[in-house]
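One letter stands for each residue in the lines below.
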Amino acid sequence: MPLLQILRPTLPILIGASIMLTLSMGLRQSLGIFMQPLTHGIGISVSDFTLAIAVQNLAWGFLQPLAGALTVRFGFRAIMVTGAIFYIAGLTLMATAQGLISVMIGGGLLIGLSLACTAAAIAMSVAARAVPETVRSTVLGLVSGAGSLGALLSAPLGQMLSAGYGWRVGLAGFVVLSVAMIPAAWFAGRVDAIPLPKPARDDAGGNSAGDAVRLAFGNASFVVMTCAYFVCGMQLVFLSTHLPSYLAICGMDPMLSAQTLGMIGGFNVLGSVFFGWAGQRWNKLALLGGIYVLRSLALAWYFMLPPTPASTLLFGAIMGFLWMGVGPLVAGAVAEMFGLKWQAMIQGFAFMSHQLGSFLGAFGGGLLYDSLGSYTMAWRIGVALGLAGGIVQIAFALIKPSAPPMLKTA
């Protein structure tokens, strides 16, 4: 049966989840373009700004399991709409900031709380529940890919408004875009009406939240995936936060950073769709390890050479292809291992590790730059940890391989 025919009854849910995801991730990934003008405008340091981004990532990570658990009690719609409202409030507070406190609360705490309710873990859980298992990984890749388009719009728009009218107007443009998250979350919330499948004997569907957590952390494959996920967060948030600053230091055109973030967003679509398709056919955990290794090699190549517009855009394309491809792989692996009922919560615990890495990538990168005057040590650490995490993930996946769903149901 054609994929579109299978998905037609749930298209409003999938489109709503995709739009919500594309705005929440696209706006958040583009905040780095405001770092230089905002810090100069209100008199805070680069490390102050990156501390706010680090707080955002920690709030997102540590609140993600709670948001996932609350969807079981209150439904996805209530959690997602609430998160969209917090996003609007956080961006508004940043746009009107007069000092560090407003940036910390708005860009840190409120946007972090919103992301726990609107970003990948929740959107992927919505998509996973809405479709049959036989096409789940492919659909997760499509939703993740559609969710990657936000950076194509938000980064150039924010840079253009900031350059022409100031950073406050640029952030006000982000506020306007974020309002669209509310109707998107409302439509995605229709998934609450879809009943859960009967739990299999070996998943967590019939357990309480506490039992589901114990089952997850007693699973060696989940623990290794969670530890390697730390590397993912560290590398990606280091880039999205510090690449605009790095290019400015190297004397590159400020628009190049927005173009590169847009390039990342565009190739993100291709990578997400590809890895969703690949996860339907091959070992998801081995694919994850391959992504981490390839990212690390790309980081080493780019930062070892003086940046040029061509090399920067090529680097953005490579990293974009490898960016959110982890989303459908992690979500699909969690659904396979533990079922759908507690997927958002269990995936949230894995995401806590990702966000601890994000904290290191954002704040640690800022500290190293402030103390050493360059990003050299920061990218070297990112490459070394990325290679180590990716190799361990691949090795463990090959030692304990898991069959993809289409083979299980064959």
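Above: the structure in question.
Residues numbered from 1 in each chain as written. Predicted model: local features only at pLDDT ≥ 70, side-chain atom pairs only at ≥ 80, totals over all residues. Heavy atoms only, no water.

Trainee: What is the right way to look at the overall build of the protein in this model?
Mentor: Looking only at helices and strands, the protein has 20 helices and zero strands in total. In terms of overall size, the protein behaves like a compact globule, its C-alpha atoms giving a radius of gyration of 20 Å where 410 residues would be expected to give roughly 22 Å. When the backbone C-alpha atoms are referred to their principal axes, the protein occupies close to 55 × 40 × 40 Å. Residues counted as buried form 59% of the 410 residues belonging to the protein. Of the contacts made within the protein by residues no fewer than 6 positions apart, 86% connect residues no fewer than 24 positions apart. With an accessible surface of roughly 15,100 Å², the protein has 73% of that area assigned to carbon and sulfur atoms. (Helix = DSSP H or I, 4+ residues; strand = E, 2+ residues; numbered from the N terminus. Rg over C-alpha atoms; globule rule 2.2 N^0.38 Å. Buried < 20%, exposed > 50% of the residue type's maximum accessible area, 1.4 Å probe, protein only. Contact = heavy atoms within 4.5 Å. Areas by Shrake-Rupley, 256 points an atom, 1.4 Å probe, with all protein chains shown as cover.)

Trainee: Explain the state of the cysteines here, please?
Mentor: A covalent bond between the sulfur atoms of two cysteines is referred to as a disulfide. What the rule picks out here adds up to zero disulfides. Here cysteine 227 is not disulfide-linked; the sulfur of cysteine 232 is the nearest cysteine sulfur, at 14 Å. (Disulfide = S-S within 2.5 Å.)

Trainee: So what exactly am I meant to see when it comes to the environment of methionine 20 here?
Mentor: Looking at where methionine 20 falls in the secondary structure, it is placed in helix H2 (residues 11–29). What makes methionine 20 buried here is its relative accessible area of 0%. For the pair methionine 20 and alanine 84, spaced 64 residues apart in sequence, the C-alpha separation works out to 8.3 Å. Not counting the four nearest positions on each side in its chain, methionine 20 is found in contact with Met80, Thr118, Ala123, Met181, Ala184 and Ala185.

Trainee: Is there a simple way to think about the packing of aromatic side chains in this case?
Mentor: For any two aromatic rings, the description comes down to two numbers: the centre-to-centre distance and the angle of the planes. Overall, the coordinates contain 14 aromatic pairs when judged by the stated rule. Ring centres of phenylalanine 34 and phenylalanine 174 lie 5.2 Å apart, and the angle between their planes is 80°; this geometry places the pair in the edge-to-face category. In this pair, phenylalanine 34 is assigned in the loop between H2 and helix H3 (35–42) and phenylalanine 174 in helix H10 (residues 167–179), connecting sequence segments 140 residues apart. Under the relative-accessibility criterion, phenylalanine 174 is labelled buried at 0%. Here tyrosine 229 and phenylalanine 351 contribute two aromatic rings whose centre-to-centre distance is 6.2 Å and whose plane-to-plane angle is 65°, an arrangement assigned as edge-to-face. With tyrosine 229 in helix H13 (residues 220–249) and phenylalanine 351 in helix H18 (residues 343–372), this pair connects stretches of sequence that are 122 residues apart. We classify tyrosine 229 as buried; its relative accessible area is 6%. Phenylalanine 351 gets classed as buried once you look at its relative accessible area, which sits at 7%. (Phe/Tyr/Trp six-rings, centres within 6.5 Å; stacked < 30°, edge-to-face > 60°.)

Trainee: Sorry if this is basic, but what is going on with H3 here?
Mentor: Since the α-helix turns once every 3.6 residues, residues separated by three or four places project in the same direction. Looking only at H3, the buried set comprises Met35, Leu38, Thr39 and Ile42. Considered in projection along H3, the buried side chains sweep an arc of 95° and stay on one side of the axis. Of the exposed residues in H3, those oriented more than 90 degrees away from the buried face are His40 and Gly41. Its buried side turned inward, H3 meets helix H4 (46–74), helix H5 (76–95), helix H6 (100–118), H10 and H13. Looking at the residues trailing H3, positive phi occurs at glycine 43, about 75°. (Arc of directions from axis to C-beta.)

Trainee: Help me understand a nonpolar patch on the surface in this model?
Mentor: Taken together, the side chains of Trp301, Met304, Leu305, Leu314 and Ile318 present a nonpolar region at the surface, about 460 Å² in accessible area. If you trace the backbone, methionine 304 turns up in helix H15 (residues 284–304). Of the residues examined, methionine 304 reaches a relative accessible area of 60% and is grouped as exposed. (Patch = residues over 30% accessible without salt bridge, like charges linked within 9 Å, V, L, I, M, F, W, Y side chains within 5 Å. Salt bridge = Lys/Arg side-chain N within 4 Å of Asp/Glu carboxyl O.)

Trainee: What is the right way to look at the packing of H10 against helix H11 (residues 181–188) in this model?
Mentor: If you want to describe how two helices pack, look at the angle between their axes and the distance between the axes. The geometry of H10 relative to H11 is characterised by a closest axis approach of 5 Å and an angle of 25° between their N-to-C directions. Judged by the angle between their axes, H10 and H11 are roughly parallel. Between H10, through Leu177, Ser178 and Val179, and H11, the contact on the second element is made entirely by Met181, Ile182 and Pro183. Of the residues that constitute the contact of H10 with H11, the class distribution is five nonpolar, one polar and no charged. (Axes fitted to C-alpha atoms, helices over the stretch in contact; angles between N-to-C directions. Parallel < 35°, antiparallel > 145°, perpendicular 65-115°, else oblique. Nonpolar A, V, L, I, M, F, W, Y, C, P; charged D, E, K, R; others polar.)

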